[in-house]
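The residues making up each chain are set out below.
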Amino acid sequence: MPGQKAIIGTASTLALLLVWELVSRSGMVQDKFLPAPSTVLYTLGSMIYGRDLLYHAGISTLRVWSAFLMAAAMAVPIGILVGSFRPVGAALEPIVDFIRYLPVPALVPLSIIWFGVGEGTKIFLLWLGTFFQLVLLVADDVRRVPVEYHEAAMTVGAPGWRRLTDVSLPAMLPTLVDNMRITLGWCWTYLIIAEIVAANSGLGFVIWQARRFFQTPEVMAGVVTIGIIGLATDQLARALHRRWFGYLTR
Amino acid sequence: MTYLSFDTVTKRYGKTEVVQPFDLDVAEGELVAFLGPSGCGKTTLMRMVGGLEAPSSGCIMLRGEALTRPDRRRGMVFQSYSAFPWLTVAGNVAYGMRYRSDLSAAEKRDQVAHFLDLVGLTAFADEWPNRISGGMRQRVAIARTLAAGSDILLMDEPFGALDAQRREFLQLELRRIQIDEGKTVIFVTHDVEEAAFLADRVIVFTRRPARILAEVDVTARIGASRTLEMREGSGFFALRNELLHHVRSTASQEEDAV
Ligand SMILES: Nc1ncnc2c1ncn2[C@@H]1O[C@H](COP(=O)(O)OP(=O)(O)OP(=O)(O)O)[C@@H](O)[C@H]1O
Ligand SMILES: [Mg+2]
């Protein structure tokens, strides 16, 4: 039952928060290292007014989405071509595979040399971290479409290129949406790296600023904000998935 | 000129010989049943006719023209369920007509209703394939293939998952469609009775690699028209027994091989 799942999930989260709160209050650890959840929550509230938290969260979200959409818009068609046509796959996959293994942080200096410290660098790093992964994921999704579906389309007269839209796309769409949801999560990781290194706005910047003054509650509030945004996006994506692809469940 | 002919067709997968030099002529409007032990190469032969697999040597010809790629002239009902899960039952049937230019949109709608009725799925028109039974899903695939209006129907154990009543009804319907619309049908089955009842000619295969063990001309024996009463007649009974003997001999081959 989905209701039961939600109840258990909420209960375990609350239990964890309670333990954390008690540990902090008991004085076992210094407040400077582990402030209580209530303190973090209070700080989060006051940062909305005092530190323009919502503005920074908005900026970060905007960066994540613009880079992600750009990467997805390029990766989906290219991935479909790579997965559908063997020569295209043979030509592109080695390159994609190589770049995919480069850790994004290692490319920060290069990116700053190329794009400076403005928006360009951030978007580029996020794009870099997701585009190549997504190409390979999409290519795999296309290849996993059952061959019977393609053959059924062929025998009712669908020409080759129409099978991309008749069969490949609808058959892979559910996994595609799932992969996009996961990839969007990675974007946040890369964004925070980018914002710590080169930014004067965004959640990564806020967290890093707070760290310089040893404001642990502020650091944690920033982290929690990212978590909340991530959780909300993820749940929304899952809800849409259930709604769009309800036909998959019996 | 023969309509559909297999000309010394062979098929190998790596070192495994699946079809030995195979020759067969199928007349236009004929229903030929393939009867043979599991794994002998029946599906492989069908896929080669459908253009989904190329022969290792020899060729399959339609009116003297070698068949190389799939097209709408040869419709295929697959052994595994192939209904598209993202389309409704009616959507799947309609997809069979997507590339037909000989029908107007209104005619296509009528045809969808007609074929849904034929396979007994009218009440499930708006249901998703994942939410109906396996036998029903197979009927969706049958309706989709019939809707495509192919000249040649390649049916790979299409009625295997159906209950006896539905199976008998669809056997009669298939026979009617074949006769009325002049369709040529190749029909794979494990069921001796089904082969005898449905086919003009039954080809019994040996174990792999597939060769023709026996060929039985059913129409010459019991005539072209088939009714349920015939199933109980002595002529049909003798025919069925004869086929059964052939099938048994493939089983004893198996013992010899061990
Ligand atoms: N793509 C393939 N690669 C290798 N071997 C294959 C391939 N397809 C089929 N075979 C082999 O060819 C043989 C014949 O297969 P086929 O599917 O034609 O049998 P069948 O007569 O349809 O059997 P069944 O009645 O069980 O459906 C089998 O032994 C199978 O293992
Ligand atoms: Mg088979």
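Everything that follows concerns the structure shown earlier in this document.
Parameters and conventions
- Residue indices follow the written sequence of each chain, beginning from 1 at its first position.
- Going through the entries in the order they are written, you letter the chains from A and number the ligands from 1.
- With pLDDT at 70 or above as the cut-off, local features in this predicted model cover only qualifying residues; side-chain atom pairs require 80 or more to be listed or tallied, and sums for whole chains, interfaces and linings still use all residues.
- Side-chain figures throughout are based on the complete set of non-hydrogen atoms in the structure, without hydrogens or water.
- Two strands make a pair as long as DSSP finds a minimum of two bridges between them.
- Helix and strand assignments follow DSSP, with helices taken as H or I runs no shorter than four residues and strands as E runs no shorter than two, numbered in order from the N terminus.
- Only the contacting stretch of a helix is used when fitting its axis, a line to C-alpha atoms as for every element, and angles between N-to-C directions run 0 to 180 degrees.
- It only takes one pair of heavy atoms within 4.5 Å for two residues to be counted as in contact.
- Reported buried area values correspond to the accessible surface (1.4 Å probe) lost by two parts on association, with both partners' losses combined.
- Salt bridges, as used here, are contacts in which a Lys or Arg side-chain nitrogen is within 4 Å of a carboxyl oxygen on Asp or Glu.
- Two N or O atoms form a polar contact when they lie within 3.5 Å of each other; inside protein one atom must be a possible hydrogen donor and the other a possible acceptor, and for residues adjacent in sequence the pair counts only when both atoms belong to side chains.
- When residues are grouped by polarity, Ala, Val, Leu, Ile, Met, Phe, Trp, Tyr, Cys and Pro land in nonpolar, Asp, Glu, Lys and Arg in charged, and all others, Gly among them, in polar.
- Distance thresholds for patches are 9 Å for like charges and 5 Å for nonpolar side chains (Val, Leu, Ile, Met, Phe, Trp, Tyr), applied to residues having over 30% relative accessible area and no salt bridge.
- Residue exposure ignores everything except the shown protein chains as possible cover, and the areas themselves are Shrake-Rupley values with a 1.4 Å probe.
- Being near a molecule or strand, for a residue, means having at least one of its heavy atoms within 4 Å of it.
- Here a Phe, Tyr or Trp ring, Trp counted by its six-membered ring, pairs with any other such ring whose centre lies within 6.5 Å, and the pair is stacked when the planes are under 30 degrees apart, edge-to-face when over 60, and tilted otherwise.
- Placement of a charge over a ring requires the Lys NZ or Arg CZ to be within 6 Å of the ring centre, with the centre-to-atom vector within 35 degrees of the ring normal.
- Here a donor is any nitrogen, oxygen or sulfur atom (N, O, S) within 2.8 Å of the metal, with 3.2 Å used for Na, K and Ca; water is not among the atoms considered, so some sites may look incomplete.
- With a 1.4 Å probe rolled over the protein chains alone, any residue whose accessible area is under 20% of its type maximum counts as buried; one over 50% counts as exposed, and the rest are partly exposed.
- Angular relationships are summarised with four words: roughly parallel below 35 degrees, roughly antiparallel beyond 145, roughly perpendicular across 65 to 115, and oblique for the angles in between.
- Left-handed describes a crossing whose near helix is turned anticlockwise from the far helix by less than a right angle; the clockwise case is right-handed.

**Details of the sheet that holds strand S7 (residues 152-156) of chain B**
Residues and elements named next belong to chain B.
Next up, step 1: Read from one edge to the other, the open sheet built from 6 strands follows the order S6-S7-S8-S3-S9-S10, with strand pairing classed as mixed. At either end of the open sheet lies a strand with only one pairing partner, and these are strand S6 (74-77) and strand S10 (212-217). Put simply, the sheet's adjacent strands are angled 15 degrees from each other on average, direction ignored.
Next up, step 2: In the sheet, S6 pairs with S7 via 4 bridges, with the strands oriented parallel. Of the residues in S7, the one forming a bridge with valine 77 is methionine 155.
Next up, step 3: Across the sheet, helix H1 (residues 42-50) touches strand S3 (31-35), S6, S7, strand S8 (184-189) and strand S9 (201-205), and the angle it forms with S7 is around 155 degrees.

**Considerations on the interface of chain B and chain A**
Next up, step 1: At the junction of the two partners, chain B supplies 26 residues and chain A supplies 21 residues.
Next up, step 2: Summed over both sides, the interface of chain B with chain A buries roughly 2100 Å², with 60% coming from carbon and sulfur.
Next up, step 3: Together, B:Trp86, B:Tyr99 and B:Asn130 form the three largest contributors to the area buried by chain B at its contact with chain A, with a combined 31%.
Next up, step 4: The salt bridge partner of A:Asp166 is B:Arg98, with a shortest N-O separation of 3.4 Å.
Next up, step 5: In this structure, the connection of chain B to chain A is made through 7 residue pairs in polar contact (both at pLDDT 80 or more).
Next up, step 6: Among the secondary structure elements, those contributing two or more residues to the side of chain B that touches chain A are S6 and helix H4 (134-147) of chain B.
Next up, step 7: Among the elements that make up the side of chain B that touches chain A, the one with the highest residue count is S6(B) (3 residues).
Next up, step 8: Classifying every residue of the side of chain B that touches chain A gives 13 nonpolar, 5 polar and 8 charged.

**Notes on a nonpolar patch on the surface**
Next up, step 1: Together, A:Leu110, A:Ile113, A:Trp114 and A:Phe115 make up an exposed nonpolar region whose accessible area comes to about 450 Å².
Next up, step 2: Relative to the elements of secondary structure, A:Trp114 occurs in helix H5 (residues 108-115).

**Some remarks on the site of ligand 1**
All names here are of chain B.
Next up, step 1: Ligand 1 sits among 13 residues. The nearest are Ser38, Lys42, Thr43, Thr44 and Arg208.
Next up, step 2: One of the backbone N or O atoms of glycine 39 is found 2.7 Å from an oxygen atom in ligand 1.
Next up, step 3: Contact distances for ligand 1 include 2.5 Å between an oxygen atom and a side-chain N or O atom of threonine 44.
Next up, step 4: Burial of ligand 1 by the surrounding chains reaches 64%, relative to a free accessible area of 640 Å².
Next up, step 5: Of the residues assigned to the shell around ligand 1, the class counts are 3 nonpolar, 7 polar and 3 charged.

**What about the packing of aromatic side chains?**
Next up, step 1: Summed over all chains, the structure comprises 21 aromatic pairs over all chains.
Next up, step 2: One aromatic cluster is present, built from ring pairs that chain together A:Trp114, A:Phe115, A:Phe124, A:Trp127, A:Phe131 and A:Phe132.
Next up, step 3: The ring of B:Phe84 is capped by B:Arg144, whose NZ or CZ atom sits 4.7 Å from the centre of that ring.
Next up, step 4: A cation over an aromatic ring shows up here: B:Arg231 above the ring of B:Phe197, its NZ or CZ 4.1 Å from the ring centre.

**Quick notes on the coordination of the magnesium ion (ligand 2)**
Six octahedrally arranged donors around a metal ideally form angles of 90 or 180 degrees; four tetrahedrally arranged donors ideally form angles of 109.5 degrees.
Residues and elements named next belong to chain B.
Next up, step 1: Listed as protein donors to the magnesium ion (ligand 2) are Thr43 (OG1) and Gln79 (OE1); their distances from the metal cover 1.9 to 2.3 Å. Taken as a pair, threonine 43 in helix H1 and glutamine 79 in the loop between S6 and helix H2 (89-95) lie far apart in primary sequence, 36 residues in all.
Next up, step 2: By relative accessible area, glutamine 79 is classed as partly exposed at 40%.

**What to know about the packing of helix H7 (residues 147-155) of chain A against helix H8 (residues 160-197) of chain A**
Residue and element names in this part refer to chain A.
Next up, step 1: Where H7 meets H8, the closest approach of the two axes is 10 Å, and the angle between their N-to-C directions is 155 degrees. When the axis of H7 is compared with that of H8, the two are roughly antiparallel. Once H7 is placed against H8, the crossing between them reads as right-handed. Residue-level inspection shows Tyr149, His150, Ala153 and Met154 of H7 in contact with H8, the latter providing Arg163, Val167, Ser168 and Ala171.

**Some details on the packing of helix H3 (residues 53-84) of chain A against H8(A)**
Residue and element names in this part refer to chain A.
Next up, step 1: Where H3 meets H8, the closest approach of the two axes is 8 Å, and the angle between their N-to-C directions is 140 degrees. Taken together, H3 and H8 sit at an angle that is classed as oblique. Seen along the crossing, H3 lies across H8 with a hand that is right-handed. Contacts between H3 and H8 involve Ser60, Thr61, Arg63, Val64, Trp65, Phe68, Ala72, Val76, Ile80 and Ser84 on the former and, on the latter, Leu164, Leu169, Met172, Leu176, Met180, Thr183, Leu184, Cys187, Trp188, Leu191 and Glu195.
Next up, step 2: Along the lines of polarity and charge, the residues of the contact of H3 with H8 split into 15 nonpolar, 4 polar and 2 charged.

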